[in-house]
2 protein chains.
Amino acid sequence: MLLGYLGPRGTFSEEAAIKYSQQAGGNLDLREYPAIDQIMEALCKKEIGQGIVPLENSLEGSINITLDLLASSREIFIYQEIICPVTHHLVAAPGMEVSDIKELYSHPQVFSQCRAFINQNLPQVKKIPWHSTAAAALMVSWPLGRAAIVSRRAAGIYKLKMLASHIQDNNGNKTRFVVLGREDHKITGEDKTSLVFSIKDGAGSLYSVLGVFARRGINLTRIESRPARKSLGDYIFFIDLEGHCQDHRIKEAMCELEDQVVFKKMLGSYPRGGHGDDYNL
Amino acid sequence: MLLGYLGPRGTFSEEAAIKYSQQAGGNLDLREYPAIDQIMEALCKKEIGQGIVPLENSLEGSINITLDLLASSREIFIYQEIICPVTHHLVAAPGMEVSDIKELYSHPQVFSQCRAFINQNLPQVKKIPWHSTAAAALMVSWPLGRAAIVSRRAAGIYKLKMLASHIQDNNGNKTRFVVLGREDHKITGEDKTSLVFSIKDGAGSLYSVLGVFARRGINLTRIESRPARKSLGDYIFFIDLEGHCQDHRIKEAMCELEDQVVFKKMLGSYPRGGHGDDYNL
């Protein structure tokens, strides 16, 4: 089966695609796409069997385009979640040393995630923001006084010298990816369900929706609001809960919800990816 | 008094600063800053009396950096909210016509907000993403086949010819700005209060926090989650509610909240800016 992922090669998205492919027994062929909406489109057109996209990062928050596309698509479901640690590494062309570095390339978010290391070791170096870490890796293939901060995989692909590894400030940084398909995952007993809904305008309406779950002891692990793209102050809500949509109490909760929401869409039920990563809200 | 705003001149942030200055009687001097964190820093150091920053947009959602800085700052409060409509205009150097356009400059979000107009009128034109609309306005000062999509104010500042006005797809697009100061606004009777908190790990804990407000009939107009920047799945919540922190029932709610949250910070009480813009959650 073909698995679409967000390219270019050497990004954390490719790492997540490889991790999922290994979990799935290694019989997936990876196909690179330049944008998240193109992965979703390829999935709808059945060019690919599944696609993997980033959903949220523990430092930066949600990937808004993924949420907006999931809310508006009719045919796409979350099939699996894959949680990947985010680690950053200082690399340059073979022959380069840290003292040779004049310019440092990486994504702006990566600079801010490696602030302590950069301030201590590269305070005088010119920092050049680049649109992706994989593209930054390409920029430093020749020993011209340039270095980049990239993923371990990009260092390998572009045959770069590792000058310092694990230079991120925060060792708990993780990204949650979701594997998207055209159907739910079957029930495993350790599942999560994602849904999106909008509520009626009225005091206490969100409280009342959350009560549908709280009264049944259904744990929420995430709630996120996004603008409904109509008017300021009008939101849609994304919720993750513990359990599968075929569980009796979740079915019951969904029926009760029907009367309280303006719009509701199940985004899929799938096995929990990160044990120990979920908080209960 | 000095009012800091996010430059450069000609952006919607400057429009919002001018609107606030007029509301305040016109006796504010505007000072441009290159980044939101620098406005907050200038406020803490008392270089400026107030600062104005974008908080959320009805199409794009929250401005994450503003939320994160508000949550971590001890001395800054929201003093006022200012809601500005977002309109986009096609401009070029004097002498240019629509048929002369070969290249179109603007911020990537602006291209997506004017998709219908561009597809219909400029399908063959090369779209060049630029880091701000004001910087795009500067790029088209000479009649070299270039046009830009900018704010009405930028068109005036850079003396550009208006080729088409109000070309945005969605006429309801608005940005909510907040005026930040070192103290709350006094009570007006038509107020809102913003706060941020984190909750204990446990099923139903968010429901229980919302109950503190729902039981007292306090309307919520906004809830937003952001990563707590510690581990995946650990969030802080931003809530806007109707009323002033000196209102008896809000004081009471805050006391009850004390036992239910791990951390809580009042972000300020201020007059409601956008009548008719608020939903009740």
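Look up a bit, the structure's there.
No experiment lies behind these values; they were computed from the predicted model shown. All residue numbers here refer to positions counted from 1 along the written sequence of the relevant chain. Chains carry letters and ligands carry numbers; both start at the beginning, A for chains and 1 for ligands, and go up in the order they are written. Totals for whole chains, interfaces and linings use all residues, but because this is a predicted model, local features are given only for residues with pLDDT of at least 70 and pairs of side-chain atoms are given and counted only at 80 or more. Water and hydrogen atoms were dropped before computing side-chain values, which therefore reflect all heavy atoms in the structure.

## Some thoughts on the overall build of chain A
(1) Moving on: Numbering goes from the N terminus for both helices and strands, where a helix is a DSSP run of H or I of at least four residues and a strand is a run of E of at least two. When its secondary structure is counted, chain A shows nine helices and 15 strands.
(2) Moving on: Projected onto the principal axes, the alpha-carbon positions of chain A cover approximately 65 × 40 × 35 Å.
(3) Moving on: For chain A, long-range pairs separated by at least 24 residues make up 77% of all intrachain contacts whose partners lie at least 6 apart in sequence.
(4) Moving on: Areas reported as accessible are Shrake-Rupley estimates using a 1.4 Å probe. Residue values count occlusion only from the protein chains shown. Here chain A displays about 11,700 Å² of accessible surface, and carbon together with sulfur accounts for 50% of that area.
(5) Moving on: Neither His nor the chain termini are counted; the positive set is Lys and Arg, and the negative set is Asp and Glu. In this description, the location of a charge corresponds to atom NZ of lysine, CZ of arginine, CG of aspartate or CD of glutamate. Charge centroids of chain A, computed over 32 positive and 32 negative side chains, lie 3 Å from each other. In what follows, a contact means two residues having at least one pair of non-hydrogen atoms within 4.5 Å.

## Comments concerning the nonpolar core
Burial of nonpolar side chains together is a common tendency in soluble globular proteins.
(1) Moving on: Counting residues in hydrophobic clusters, the biggest one holds 43 residues, and the most contacted among them are Phe213 of chain A together with Phe213 of chain B.
(2) Moving on: Broken down by element, the residue count for this core peaks at six residues, all from helix α8 (residues 205–214) of chain B.
(3) Moving on: Setting aside residues no more than four positions away along its own chain, Phe213 of chain B makes contact with Ile218, Leu220, Ile239, Leu241, Ala253, Met254 and Leu257 of chain B. Nonpolar cores are built from buried Ala, Val, Leu, Ile, Met, Phe, Trp, Tyr and Cys residues. Side-chain atoms within 4.5 Å join them into one set. Relative accessibility thresholds used throughout: buried, under 20% of the residue-type maximum; exposed, over 50%; partly exposed, between the two (1.4 Å probe, protein chains only).

## As for the packing of helix α2 (residues 36–44) of chain A against helix α3 (residues 64–72) of chain A
Residues and elements named next belong to chain A.
(1) Moving on: Here α2 crosses α3 at 30°, and the two axes come no closer than 10 Å. One finds that α2 runs roughly parallel with respect to α3. Where α2 crosses over α3, the handedness of that crossing is right-handed. Each of Ile36, Asp37 and Met40 in α2 lies in contact with α3, whose residues at this interface are Ile65, Thr66, Leu69 and Leu70.
(2) Moving on: Lys, Arg, Asp and Glu make up the charged group, whereas Ala, Val, Leu, Ile, Met, Phe, Trp, Tyr, Cys and Pro make up the nonpolar group; the residues left over, Gly among them, are polar. Looking at side-chain class alone, the contact of α2 with α3 contains five nonpolar, one polar and one charged residues. Only the stretch in contact is used when fitting a helix axis, every axis being a line fitted to C-alpha atoms; angles between N-to-C directions are given from 0 to 180 degrees. Angle categories: roughly parallel below 35 degrees, roughly antiparallel above 145, roughly perpendicular from 65 to 115, and oblique for all the rest. Crossing handedness is read from the near helix: turned anticlockwise from the far helix by less than a right angle, it gives a left-handed crossing, and turned clockwise, a right-handed one.

## A look at the packing of aromatic side chains
Residues and elements named next belong to chain B.
(1) Moving on: The aromatic pairing rule takes the rings of Phe, Tyr and Trp, using the six-membered ring of Trp, and pairs them if the centres are within 6.5 Å, calling planes under 30 degrees apart stacked, those over 60 edge-to-face and the rest tilted. All chains considered together, the criterion is met by five aromatic pairs over all chains.
(2) Moving on: With a centroid separation of 5.1 Å and 85° between ring planes, the pair formed by Tyr105 and Trp130 is classed as edge-to-face. Here Tyr105 is found in strand β7 (residues 103–106), whereas its partner Trp130 is found in the loop between β8 (126–129) and α6 (133–139), with 25 residues between them in sequence.
(3) Moving on: Its relative accessible area of 28% is what places Trp130 among the partly exposed residues.

## Details of the relation of the copies chain B and chain A
(1) Moving on: Here the copies are superposed with least squares, the fitted atoms being C-alpha atoms of residues at a pLDDT of at least 70 in both. Mapping chain B onto chain A calls for a rotation angle of 180° and an axial translation of 0.0 Å; the resulting RMSD is 0.0 Å. The two molecules are tied by a two-fold rotation axis, judged by turn and shift.
(2) Moving on: Comparing contact sets, 100% of the residues at the interface of chain B also lie at the interface in chain A, consistent with an isologous, same-surface contact.

## Here we look at unusual backbone geometry
(1) Moving on: Cis geometry is adopted by the peptide bond preceding Pro8 of chain A, which originates at Gly7 of chain A and carries an omega value of 0°.
(2) Moving on: Backbone geometry places Lys46 of chain B, a non-glycine residue, at a positive phi of 65°.
(3) Moving on: In this fold, Lys46 of chain B is placed in the loop between α2 (36–44) and β3 (50–57).
(4) Moving on: A positive phi angle, close to 50°, is found at Lys159 of chain B, a residue other than glycine.
(5) Moving on: If you trace the backbone, Lys159 of chain B turns up in the loop between α7 (152–157) and β10 (161–164).

## A short note on the interface of chain B and chain A
(1) Moving on: Residue-level contacts link 45 residues of chain B with 45 residues of chain A.
(2) Moving on: Buried area counts how much accessible surface, traced with a 1.4 Å probe, disappears from two parts once they are put together, with both parts' losses summed. The junction of chain B with chain A conceals about 4,000 Å² of combined surface from both sides, 55% of it contributed by carbon and sulfur atoms.
(3) Moving on: Secondary-structure elements contributing two or more residues to the side of chain B that touches chain A are β3, β11 (174–181), α8, β13 (220–227) and β14 (235–242) of chain B.
(4) Moving on: Among the elements that make up the side of chain B that touches chain A, the one with the highest residue count is β13 of chain B (seven residues).

## Thoughts on α8 of chain B
(1) Moving on: In terms of burial, α8 of chain B is largely enclosed, as eight of its 10 residues are buried.
(2) Moving on: The set of residues buried in α8 of chain B consists of Ser205, Leu206, Tyr207, Val209, Leu210, Gly211, Val212 and Phe213 of chain B.

## A closer look at the sheet that holds β7 of chain B
Residues and elements named next belong to chain B.
(1) Moving on: Strand pairing follows a simple DSSP-based rule, namely that at least 2 bridges must link the two strands. If you walk across this open sheet you meet the five strands as β8-β7-β9-β6-β10, and the pairing is mixed. Each edge of the open sheet carries a strand with a single partner, namely β8 and β10. Ignoring which end each strand starts from, the neighbouring axes of this sheet average 35° apart.
(2) Moving on: Looking at chain direction, β7 and β8 are connected through four bridges and run parallel. Bridged to Tyr105 within β8 is Ile128.

## Re the sheet that holds strand β7 (residues 103–106) of chain A
All names here are of chain A.
(1) Moving on: The strand order across the open sheet built from five strands is β8-β7-β9-β6-β10, with neighbouring strands paired in mixed fashion. Edge positions in the open sheet fall to β8 (126–129) and β10 (161–164), since each of these has one partner strand only. Taking each pair of neighbouring strands and ignoring which way they run, the sheet shows an average axis angle of 35°.
(2) Moving on: Bridging between strand β6 (residues 89–92) and strand β9 (residues 146–150) involves four bridges; their strand directions are antiparallel.

## Details of the pairing of β9 of chain A
Residues and elements named next belong to chain A.
(1) Moving on: Along β9, four of the five residues are buried, which leaves the element largely enclosed by surrounding structure.
(2) Moving on: The pairing of β7 with β9 spans three bridges and is classified as parallel. Residue pairing in the sheet places Leu104 in a bridge with Ala147 of β9.

## A closer look at the environment of Ala214 of chain A
All names here are of chain A.
(1) Moving on: Summarising the element assignment, Ala214 is placed in helix α8 (residues 205–214).
(2) Moving on: When its relative accessible area of 28% is taken as the criterion, Ala214 is described as partly exposed.
(3) Moving on: Placed 67 residues apart in sequence, Ala214 and Leu281 show a C-alpha to C-alpha distance of 9.8 Å.

## A look at the pattern of salt bridges
(1) Moving on: Within this document, salt bridges are pairs made up of a side-chain nitrogen of Lys or Arg and a carboxyl oxygen of Asp or Glu, the two lying within 4 Å of each other. In the structure shown here, the tally under the stated rule is 30 salt bridges over all chains.
(2) Moving on: Note that Glu242 of chain A is salt-bridged to Arg272 of chain A, the shortest N-O span being 3.5 Å. Of the two residues, Glu242 of chain A is situated in strand β14 (residues 235–242) and Arg272 of chain A in the segment after β15 (261–271); the sequence distance between them amounts to 30 residues.
(3) Moving on: Glu97 of chain B is the salt-bridge partner of Lys161 of chain B, the closest N and O atoms lying 3.0 Å from each other.

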